[in-house]
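# Fold and contact review
What follows is each chain in one-letter form.
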Amino acid sequence: MSIEARGLSKRFGGFVALDDVNLVVPSGELVALLGPSGGGKTTLLRIIAGLETPDAGSILFHGEDATERLVRDRQVGFVFQHYALFRHMSVFENVAFGLRVRPRRVRPPEQEIRERVMELLTLVQLDFLADRFPSQLSGGQRQRVALARALAVRPKVLLLDEPFGALDARVRKELRRWLRRLHDEVHVTSVFVTHDQEEAMEVADRVVIINEGRIEQEGTPQQVYEAPATPFVYGFLGDVNLFHGRLHRGRMSIGGAELELPEFAEAVDQSALAYVRTHEIEVAPAPNGHLAIEAVIRHLRFHASSVLLELDRVADGQVMEAEIPRARFDELGLVKGQRVYLSPRSFRVFPTGKPPRTE
Amino acid sequence: MSDLPRSAAVGEPRLVRWTLIALALGFLALFLIVPLVAVFAEALRKGVAVYLAALREPDAVSAVRLTLLAAAVAVPLNLVFGLAAAWAIAKFQFRGRSLLLTLIDLPFAVSPVIAGMIFILLFGAQGWLGPWLQARDIQVVFAVPGIVLATTFVTFPFVARELIPLMVEQGPEEEEAAIVLGATGWQTFRRVTLPNIRWGLLYGVILCTARAIGEFGAVSVVSGHIRGETNTLPLHIEILYNEYHFAAAFAVASLLTLLALVTLAAKSLLEHRRREPMPAVEPAIEAA
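Here the structure is a predicted model, which means the values were calculated and not measured. (Residues numbered from 1 in each chain as written. Chains lettered and ligands numbered in written order. Predicted model: local features only at pLDDT ≥ 70, side-chain atom pairs only at ≥ 80, totals over all residues. Heavy atoms only, no water.)

As a further point, take unusual backbone geometry. Residues and elements named next belong to chain A. Its identity is not glycine, yet H62 carries a phi of approximately 55°, on the positive side. On the secondary structure map, H62 appears in the loop between β4 (56–61) and β5 (64–65). Given a relative accessible area of 56%, H62 falls into the exposed group. Positioned with a positive phi, Q125 is a non-glycine residue whose angle comes to about 60°. Note that Q125 resides in the loop between α3 (110–123) and α4 (139–152). Given the relative accessible area of 44%, Q125 is considered partly exposed. (Helix = DSSP H or I, 4+ residues; strand = E, 2+ residues; numbered from the N terminus. Buried < 20%, exposed > 50% of the residue type's maximum accessible area, 1.4 Å probe, protein only.)

This is the structure in structure tokens:
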């Protein structure tokens, strides 16, 4: 079932949680709502579920207006950040709950409930824990019980609020892959909220980046990563270096180097931001070509397959970061305090001040 | 707390430790245990026959009956109200929420005597509603309804006060989960909310009952002290005492004391149960 949000707005007192949000989630897709905390992602998810009412706008399920529909009639599965398992019920009863509370005439017989619950517990690989209570499970196990419980009622839509937020890094990684596989099996339209860009990129078919109650950009993980639409998206996805500078007749000076920007040939003395990803910087011991930023290595951080250089720019003393592969690092034989020359392989410039003057 | 490893480095010198313990125990004995023993000792001083006679006396029996009646009305009323108020305050944000919280505490803040006077002022012969009630031949003050009303008022906060922190701590998430899964409001309450608060609820009811049985001040004002009619147990004890029937007074008092002890036992049993709400086989992995 597809989900559509039209012109959704929501305020909490003076705080604007959502500001005229429009979004379409096609049937069967796994979509990530990505953004910093307090950006409105969870509010959007809760409005879709019906746990929150929008001040303006509407929610459509399968093209039908569902804004006024009762929560329990929406047929959504919701997985809460802190699981919200029923603490006094066994794992089995937690999963069976949605089936047991159905009106008598549509409630499946006990035998069928039993089979369905065990089927789901097998799916989440927890069938051996059916008699345990939530307090006896680990975080990752609780999260999988919460998922099984949400899936038990065969929801048309699955909504997950920071599903892996409270788990440690290793379990989180494992569960992420597992969620992706599960979605490929069950194929229910799913929306999950996360503030972890890596998680969104790895799991989702589409990523919707939300900040301050607005959608900044949406697209496939590749699209948003390769062509960030706004400075915010650029800064939010991946590690970047930010340069403040002035655009003038197709040129911009960053850290002592000149960028050639033919697309801004008409700009006259306009302030702008330039973004360069840390791993898209070439490091050389000697200047090679006109675009080289002179810097001094201040600190080295060794990662599994790369080395992160923290550098001070000679021109203005600002801090920069560059990440180069291990092999390249060994080849160059770089040391702390060494003077190097940096050239961005790719960069993106966003004018910030007044629009370019047309002549 | 008793499992904390004790070492000389973090502990006080032995002398200080023993002095403090002795002080605490002495205080406990002087103010709690000695009076308790004294009640029973005084009650039985003239023998078991006198003791039993004091309890079998018609006025005493009628006082017991009235006390139980007042509790039987006040406790269920406050149970329902306390649940409703705690549910509203803990699970929803609404205008007037903090006002409601303050109002619930009113019976704690107001002296019981004043509570009683308010009822006289409202329902008494010279009170606001007095003429209206008199015209319809309804007696509230100096009668059973007044005693029930006063008891209900004084015991008003117990259940709600016990439940609000518990329900606030549990938050609305489990209820939200239940509703999303298709449960109706009643199903959510029956299957999710109630099981989560049952021990707290029972605890509140026990405290409420104890107070309803032992209430003196407010009931004293509205009772009129009509023997065999509007005397509750505490009032009956006072009358006996004032008339120098010490043995009888203490005999009836021992009955109340026994009730208090039963309440305390039930309370500590509950606290014990509450600490392990589930049949835990393994220690919980995360603190709740």
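Two descriptors summarise a pair of aromatic rings, namely the distance from one centre to the other and the angle between the planes of the rings. In the structure shown here, the tally under the stated rule is 17 aromatic pairs over all chains. Considering the side-chain rings of F86 of chain A and F97 of chain A, the 4.6 Å spacing of their centres and the 50° angle between planes classify their relative orientation as tilted. Highlighted residues: F86 of chain A in the loop between β6 (76–79) and α2 (91–100) and F97 of chain A in helix α2, separated in sequence by eleven residues. Three or more aromatic residues joined by ring pairs form one cluster here, namely W87, F92, W186 and F189 of chain B. A cation over a ring is seen here: R277 of chain A above Y225 of chain A, with NZ or CZ 3.9 Å from the ring centre. (Phe/Tyr/Trp six-rings, centres within 6.5 Å; stacked < 30°, edge-to-face > 60°. Lys NZ or Arg CZ within 6 Å of the ring centre and 35° of its normal.)

Turning to the interface of chain B and chain A, a few remarks are in order. The interface is formed by 26 residues belonging to chain B together with 30 residues belonging to chain A. For the salt bridge of E176 of chain B with R46 of chain A, the shortest nitrogen-to-oxygen distance reads 2.7 Å. The biggest single contributor to the side of chain B that touches chain A is helix α9 (residues 173–180) of chain B, with seven residues. The residue makeup of the side of chain B that touches chain A, split by class, is 14 nonpolar, six polar and six charged. (Contact = heavy atoms within 4.5 Å. Salt bridge = Lys/Arg side-chain N within 4 Å of Asp/Glu carboxyl O. Nonpolar A, V, L, I, M, F, W, Y, C, P; charged D, E, K, R; others polar.)

Below, the discussion takes up the packing of helix α3 (residues 58–91) of chain B against helix α8 (residues 157–170) of chain B. Residue and element names in this part refer to chain B. Where α3 meets α8, the closest approach of the two axes is 8 Å, and the angle between their N-to-C directions is 30°. When the interaxial angle is binned, α3 and α8 end up roughly parallel. Crossing geometry of α3 relative to α8 is assigned as right-handed. Together, N78, L79, G82, L83, A86, W87, I89, A90 and K91 of α3 and V159, A160, L163, I164, M167 and V168 of α8 make up the contact between the two elements. (Axes fitted to C-alpha atoms, helices over the stretch in contact; angles between N-to-C directions. Parallel < 35°, antiparallel > 145°, perpendicular 65-115°, else oblique. Left-handed = near helix turned anticlockwise from the far one by under 90°.)

Looking now at the environment of V192 of chain B. Mapped onto the secondary structure, V192 of chain B falls in helix α10 (residues 185–214). Sequence spacing of V192 of chain B and A177 of chain B is 15 residues, and the spatial spacing of their C-alpha atoms is 9.7 Å.

Let us now look at α3 of chain A. Since the α-helix turns once every 3.6 residues, residues separated by three or four places project in the same direction. Residues and elements named next belong to chain A. Its 14 residues place the ends of α3 20 Å apart at the C-alpha level, agreeing with the 20 Å of an ideal helix rising 1.5 Å per residue. Those residues of α3 not exposed but buried are I113, R116, V117, L120 and L121. Along α3, the residues classed as buried sweep out an arc of 130° about the axis, all on the same side. Buried residues in α3 make contact with α2 and α4. Looking at the residues trailing α3, positive phi occurs at Q125, about 60°. (Expected span 1.5 Å × (residues − 1). Arc of directions from axis to C-beta.)

Residue and element names in this part refer to chain B. Helix length check: helix α5 (residues 112–123) (twelve residues) gives 17 Å between terminal C-alpha atoms against 16 Å at 1.5 Å per residue, within 8%. Along α5, the residues that are buried comprise A115, G116 and F119. All buried residues of α5 lie within an arc of 100° about the axis, which places them on one face of the element. In α5, the exposed residues that point more than 90 degrees away from the buried face are M117 and L121. Where the residues of α5 are buried, they touch α7 (144–155) and α11 (217–223).

All names here are of chain A. Within strand β14 (residues 270–277), seven of the eight residues are buried, leaving the element largely enclosed by the surrounding structure. Here β14 runs beside strand β20 (residues 348–351); their pairing, made up of four bridges, is antiparallel. Paired with A274 across the bridge in β20 is V349. (Pairing = 2+ DSSP bridges.)

Take the pattern of salt bridges next. In total, this model carries 37 salt bridges over all chains according to the counting rule given. Taking the shortest distance from any N to any O, the salt bridge between E52 of chain A and R46 of chain A comes out at 3.0 Å. Here E42 of chain B and R45 of chain B are joined by a salt bridge, their closest N and O atoms 3.5 Å apart. In this structure E42 of chain B comes out as partly exposed when scored by relative accessible area, which is 23%. The exposed category is assigned to R45 of chain B, whose relative accessible area is 63%. Sharing partners across several salt bridges, the network here consists of K173, R176, R177, D196, E198, E199 and E202 of chain A.

Here we come to the sheet that holds strand β13 (residues 257–260) of chain A. Residue and element names in this part refer to chain A. What the five strands build is an open sheet, ordered β13-β12-β11-β14-β20; its pairing is antiparallel. With partners counted over all chains shown, the strands left at the sheet margins are β13 and β20, one partner each. On average, adjacent strands in this sheet sit at an angle of 35° to one another, irrespective of strand direction. In this structure, strand β11 (residues 240–248) lies alongside strand β12 (residues 251–254), joined through two bridges in antiparallel fashion. Counted as the bridge partner of H248 is R251 from β12.

This paragraph deals with the side chain of S254 of chain B. All names here are of chain B. Relative to the elements of secondary structure, S254 occurs in helix α13 (residues 246–275). A polar contact is formed between the side chain of S254 and the side chain of Y51, at a distance of 2.7 Å. Discounting residues that sit within four places of it in the chain, S254 has contacts with V39, F40, A43 and Y51. (Polar contact = N/O pair within 3.5 Å; in protein donor to acceptor, adjacent residues only side chain to side chain.)

A few words on the sheet that holds strand β3 (residues 30–34) of chain A. Residues and elements named next belong to chain A. One open sheet accounts for six strands, arranged β6-β7-β8-β3-β9-β10; its pairing is mixed. Unpaired on one side and paired on the other, β6 and β10 (214–219) mark the two borders of the sheet. For this sheet, the mean inter-axis angle between neighbouring strands, taken without regard to orientation, is 15°. One ladder, built from five bridges, connects β3 with strand β8 (residues 189–194); its direction is parallel. By the bridge assignment, L33 is partnered in β8 with V193. Against the sheet, helix α1 (residues 41–49) touches β3, β6, β7 (157–161), β8 and β9 (206–211), its axis set at about 150° to β7.

Looking at where R246 of chain A falls in the secondary structure, it is placed in strand β11. Sequence spacing of R246 of chain A and L23 of chain A is 223 residues, and the spatial spacing of their C-alpha atoms is 35 Å.

The next point concerns the packing of α7 of chain B against α10 of chain B. Residues and elements named next belong to chain B. Interaxial distance between α7 and α10 falls to 9 Å at its minimum, and their mutual angle equals 140°. Of the possible angle classes, the one that applies to α7 and α10 is oblique. For the element pair α7 and α10, the recorded crossing hand is right-handed. Side by side, α7 and α10 meet where T151, V154 and T155 of the first sit next to C208, R211 and A212 of the second. Here the residues of the contact of α7 with α10 are counted per class, giving three nonpolar, two polar and one charged.

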